[in-house]
Amino acid sequence: MRILGINSVFHDPAAALVVDGDVVAAAEEERFSRRKHGKQPVPFSAWEQPERAAAWCLREGGISAADVDVVAFSYEPTLVDNGLDGLDPGWEDLRTTYAERAPRFLRTALPGIEHARSRFVPHHYAHAASAGLAAPFGDCAVLTADGRGESTSMLAGEYRYGKLEVHAQQRLPHSLGLMYEELTEHLGFHRAGDEYKVMALAAYAKPAHLSDFAELVRVADGGFTVAPIDWERWAPRRRPGDEMLTAHAELAASVQVRLEEVLLELTRWLHDRTGRRHLAMAGGIALNCVANTRIADEGPFDEVWVQPAAGDAGTALGAALHVAAESGEAVRPMSGADLGRGFGEAELAAKLDAARVPYERPDDLAEEVAESLARDEIVGWFQGRAEFGPRALGHRSLLAHPGHAGNLERLNDVKGREQFRPIAPMVLTERAPELFGRGPIPSPYMLFVHDVAEEWRDRIPAVVHVDGTARIQTVDRNREPLLARVLDAFAARTGLPTVVNTSFNTAGRPMVDDPVDALECFGASPIDLLVLGPFVVRRPGVRR
Ligand SMILES: [Fe+2]
């Protein structure tokens, strides 16, 4: 069956194509529209469909809209209960109306799709499938948690013979994700998008109010309750650009640690209930790599896998996988996060020619790039298919030297990011245990944090967070031979088996996706060397 998965209701609109149980393509609309997160997370934007991402998925799969057997939407409007505490019935009605009409909206964007059958998949079933069916485990336990779906904010269950069995769901208004979003807003950041900044901030202080939050956020049998929270009690509301006070960091730390404790208790409950050895996770909460590491390190499961597109974008893939599995198809685990657009050499050369920039094709690209990095240059690295999910994983990345502390500030400046936010290292899987501990290895998707070994902290200061951790990406030599050779060649020059890897974009923009995006970003920011497939472009004045 050819199943087109669509996420469009809340934020991070995305599309995915699953054909006969194989993941063929998945992409977020923001990479096409160049609007970060695709749209505003408000009810009146729920009509917007990921039309460009969906059209590309069909092209990538070599099929037309008329060939689609099922369109799977990751939201089931009949499950909405707009009488729930804390929800605004007026806005809920509007969102529900748009969600019900999503198939019609999509048909206008993708003519020909009217022959397809539309299916609404419950939001958390879609999150669950994006984890449990995409993970490399086979049947496993699954935990999803986010701001909200239709009427729930968490699901705990397991896959048995490829089908989802739900053990518990938490109903709204109780939501770990909405609590974290409220805090994000209180601290002067964008809710439903900037939560990772709160996680980074939490490392700067002690959880001074943990006992208060243990009262406010309580664990129940396979669920939790969250009391209404008056955030002013611990720290004043911060406006964007205001000074960050210790009180803000202490509040962030308190909520972060309580979140970790609650998730640990939920995983223990789920483990007792299922007896499974493997856990797969998704939902926006599963992008919290500090919590993920505690679950992997202290929790009861032998192995934990997190969907790289754990946020709502991943529900496009999950909705399609869910329908495939429910239809009795054998679903294959996803092979990697590189499910987005890719470009051939001829296309890359044509874009370079059109831009009339001088470029060349080095005999040994890996050596050329390693040399540039060793000279402390910033490299824009564009290779293969774009990543699905928020992390750059060596396909649309900025690379830099990890040995110079100043590179944290330098890259945060390029990207217009707050200086308290860390940048991350990529490292060959086989070398990772020398440098990094506690978190799981391999860690190909940057979804866990690791402790940096004491003897390495001074050698790679650019990538060590204030608490001595790093959010690593391990590179598998077989899957990423070119990147592995860059790491080898850089290590041969510097003695450092790791380089800085951050996403290839500037402030407020989505990651670059096509070669023109990359050229525009290169033109507007102090990147020294742009690598587009086998070609390199040097910034004028940068020595060779
Ligand atoms: Fe979600």
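Every chain's residues receive numbers from 1 upward, in the order its sequence appears when written. At least 70 in pLDDT is required for a residue's local features to be given in this predicted model, at least 80 for side-chain atom pairs to be given and counted, and no such filter applies to totals for whole chains, interfaces and linings, which use all residues. Note: side-chain values were computed over all heavy atoms of the structure, leaving out hydrogens and water.

1. Things to note about helix α2 (residues 51–61)
The complete set of buried residues in α2 reads A53, A54, W56, C57 and L58. Between two residues, a contact is recorded if the distance between any of their heavy atoms is within 4.5 Å. Numbered from the N terminus, helices here are DSSP runs of H or I no shorter than four residues, and strands are runs of E no shorter than two. Residues of α2 that are buried sit in contact with β1 (2–7), β2 (14–19), β3 (22–28) and α1 (30–33). Looking one or two residues beyond α2, the residue adopting positive phi is G62, at roughly 70°. Residue exposure (1.4 Å probe, protein chains only): buried if accessible area is under 20% of the type maximum, exposed if over 50%, otherwise partly exposed.

2. A word on the domain arrangement of the protein
Domain start and stop points were drawn from an automatic or database domain assignment. In terms of domains, the protein is made up of domain 1 (2–134 + 312–326), domain 2 (141–306) and domain 3 (345–538). Each of domain 1 and domain 2 has a C-alpha centre, and the two are 25 Å apart. Counting from both sides, the interface comprises 30 residues of domain 1 and, opposite them, 29 residues of domain 2. Buried area is calculated as the accessible area (1.4 Å probe) missing from two parts once they are joined, with the contributions of both summed. Taking both partners together, domain 1 and domain 2 bury about 2,200 Å²; carbon and sulfur atoms supply 61% of that area. In terms of surface lost to domain 2, no three residues of domain 1 exceed L84, H124 and A131, which account for 26% of the buried area on that side. Salt bridges are identified by distance alone: a Lys or Arg side-chain nitrogen within 4 Å of an Asp or Glu carboxyl oxygen. Applying the counting criterion to the domain 1 and domain 2 interface returns two salt bridges.

3. Side note on the pairing of strand β22 (residues 535–538)
A regular strand places its side chains so that they alternate between the two faces of the sheet. Covered by surrounding structure in β22 are F535 and V537 together with V536 and R538, the residues of both alternating faces. Two strands pair under a simple rule: DSSP has to find at least two bridges between them. Note that strand β21 (residues 529–532) and β22 share four bridges and pair antiparallel. Its bridge partner being in β22, L532 is matched across the sheet by F535. What sits between the antiparallel neighbours β21 and β22 is a turn of two residues, in which G533 has the positive phi angle 55°.

4. Some remarks on the coordination of the iron ion
Metal sites are built from N, O and S donor atoms within 2.8 Å, or 3.2 Å for Na, K and Ca, and they leave out water, so they may look incomplete. Listed as protein donors to the iron ion are H123 (NE2), H127 (NE2), D146 (OD) and D312 (OD); their distances from the metal cover 2.0 to 2.2 Å. For a four-donor site, all angles between 85 and 135 degrees give tetrahedral; for four or six donors, opposite pairs above 155 degrees with the remaining angles between 65 and 115 give square planar or octahedral; all remaining cases count as irregular. Considering all four donor atoms around the iron ion, angles at the metal cover 90 to 168° and the coordination shape is irregular. Site description for the iron ion: donor spacing in sequence, H-x3-H-x18-D-x165-D. With a gap of 166 residues between them, D146 in the loop between β6 (141–145) and β7 (152–160) and D312 in the loop between β12 (303–306) and α10 (314–326) connect regions that are remote in the sequence. Across this residue pair, the class does not change: D146 and D312 are buried.

5. Some remarks on the UniProt feature "domain: Carbamoyltransferase" (unreviewed entry) in the protein
UniProt positions are given in the numbering used here, feature names are shortened, and annotations may be inferred rather than shown by experiment. Under the present numbering, the feature "domain: Carbamoyltransferase" (unreviewed entry) in UniProt falls on residues 2–108 and 119–321. The annotated region residues 2–108 carries 33% helix and 21% strand content, and the separation between its end C-alpha atoms amounts to 20 Å. Within the segment residues 119–321, helix and strand shares are 41% and 21% respectively, and the terminal C-alpha atoms sit 12 Å apart.

6. Focus: the sheet that holds strand β13 (residues 379–382)
On the basis of which strands lie adjacent, the open sheet formed by seven strands has the order β19-β15-β20-β14-β13-β21-β22 and mixed pairing. Looking at strand neighbours, the two that pair on one side only are β19 (473–475) and β22, the edges of this open sheet. Between one strand axis and the next, the sheet turns by 30° as a mean value, whatever way the strands run. When strand β15 (residues 424–428) meets strand β20 (residues 498–503), the two strands line up antiparallel, connected through four bridges. If you follow P425 over to β20, its bridge partner there is V500. Contacts from helix α13 (residues 406–414) reach β14 (396–400) and β20 within the one sheet, and its direction differs from that of β14 by about 145°. For helices, the fitted line uses only the C-alpha atoms of the stretch in contact; every axis is such a line through C-alpha atoms, and the angle between N-to-C directions lies from 0 to 180 degrees. In this fold helix α16 (residues 481–494) packs onto β13, β15, β19 and β20, with an angle of close to 95° to the strand it touches most, β15.

7. Here's the deal with the pairing of strand β5 (residues 117–120)
Across four bridges, strand β4 (residues 70–73) lies against β5 in parallel orientation. Across the sheet, the residue bridging to V70 is R117, located in β5.

8. Some points on the packing of aromatic side chains
Working definition: a ring pair exists when centres of Phe, Tyr or Trp rings (six-membered ring for Trp) sit within 6.5 Å. Plane angles under 30 degrees give stacked, over 60 give edge-to-face, the rest tilted. Using the criterion set out here, one finds ten aromatic pairs in the structure. Ring centres of F32 and W56 lie 6.2 Å apart, and the angle between their planes is 45°; this geometry places the pair in the tilted category. Here W56 lies in helix α2 and F32 lies in helix α1, a separation of 24 residues in the sequence. You'll find F32 and W56 in the same group, each marked buried. Between the aromatic rings of F343 and F382, the centroid separation amounts to 6.1 Å while the plane-to-plane angle is 40°, which identifies the pairing as tilted. Of this pair, F343 sits in the loop between α10 and α11 (345–355) while F382 is found in strand β13, placing the two residues 39 residues apart along the sequence. Take F382: its relative accessible area is 2%, and that puts it in the buried class.

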